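# Geometric and topological summary
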Amino acid sequence: MRNLHWAAIALLASLPSAYLAWTNRDVPHFGAFHDDGLYYASAKSLAERGEYRYEFMPGDPANTKYAPGFAAYLAIAWKLNPRFPENLSLAVLLVLLSCPVFLFFTAVLLRRVAPKVSDREIAGLVIACGLTPTVGLLSGTLMSEMPFCALILCSIWLSDRYAG
């Protein structure tokens, strides 16, 4: 039951990021970070050709700059809707889904490492984290930071839970 409580807090704390993503669902900032365009171009190559390449460069060289995991995740948007730029909002939604996961595992791990801190204080910290501009920005862009943070916190939780 306690995890359900943290899930509700995480969803609540994700609302500002969801609002930002919704109001910018046409993704006017796409390409502003440079990496987001490279991730998405690589995702297109994975979705359409099954190859991790830069199709926009002469000779279609292999993408050796980034690990393929995030691009493979973004390739889901290309598979569901192969029309660019209409599929950008779907890709942002995929990134946004990692925000409540990140906030949930933040709460669960805070509870684990700080047992003397009250649930109310942890909820306040998680909500404050969800309100930070950085979380809002990274939840609404095609950058890997938010999904990576969610995965790393989940990995820490799993390793702690199932360790010896």
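Now for a quick tour of the structure. As a convention, each chain's residues are numbered from 1 in the sequence order in which they are written. Per-residue local features of the predicted model are confined to residues with pLDDT of at least 70, and side-chain atom pairs are confined, for both listing and counting, to 80 or more; whole-chain, interface and lining totals are unaffected and use all residues. Neither water nor hydrogens contribute to the side-chain values; these are computed over all heavy atoms in the structure.

Right, let's talk about the side chain of serine 45 for a bit. In DSSP terms, a helix is any run of H or I states spanning at least four residues, a strand is any run of E spanning at least two, and both are numbered starting from the N terminus. The residue serine 45 is located in helix H2 (residues 35-49) in this model. Only heavy atoms enter the contact rule, under which two residues are in contact if any of them lie within 4.5 Å. Beyond its immediate sequence surroundings of up to four residues, serine 45 is in contact with Gly50, Glu51, Tyr52, Arg53 and Glu55.

Throughout, nonpolar core names a set of buried Ala, Val, Leu, Ile, Met, Phe, Trp, Tyr and Cys residues whose side chains join them through atoms within 4.5 Å. Working definition: with a 1.4 Å probe on protein chains only, accessible area under 20% of the residue-type maximum means buried, over 50% means exposed, and in between means partly exposed. Membership of the largest hydrophobic core comes to 45 residues, with the highest contact counts inside it found for Trp6, Tyr40, Leu74, Phe102, Leu103 and Leu142. Of all the elements in the fold, those that place two or more residues in this core are helix H1 (2-23), H2, helix H3 (69-80), helix H4 (88-96), helix H5 (98-113), helix H6 (119-131), helix H7 (133-139) and helix H8 (145-162). Those residues within four positions of tyrosine 40 in sequence are excluded, and the remaining contacts are Phe30, Leu74, Ala77, Trp78, Phe84, Asn87, Leu88, Ala91 and Leu142.

Moving on to H3. For H3, spanning 12 residues, the distance from its first C-alpha to its last is 18 Å, which sits close to the expected 16 Å at 1.5 Å a residue. All of the buried residues along H3 are Phe70, Ala71, Leu74, Ala75, Ala77 and Trp78. One face of H3 carries all of its buried residues, which in axial projection span an arc of 150 degrees. Among the exposed residues of H3, those pointing more than 90 degrees away from its buried face are Lys79 and Leu80. The inward-facing, buried residues of H3 contact H2, H4 and H8. Expected helix span is computed as 1.5 Å times (number of residues minus one). Arc definition: directions from the helix axis to the C-beta atoms.

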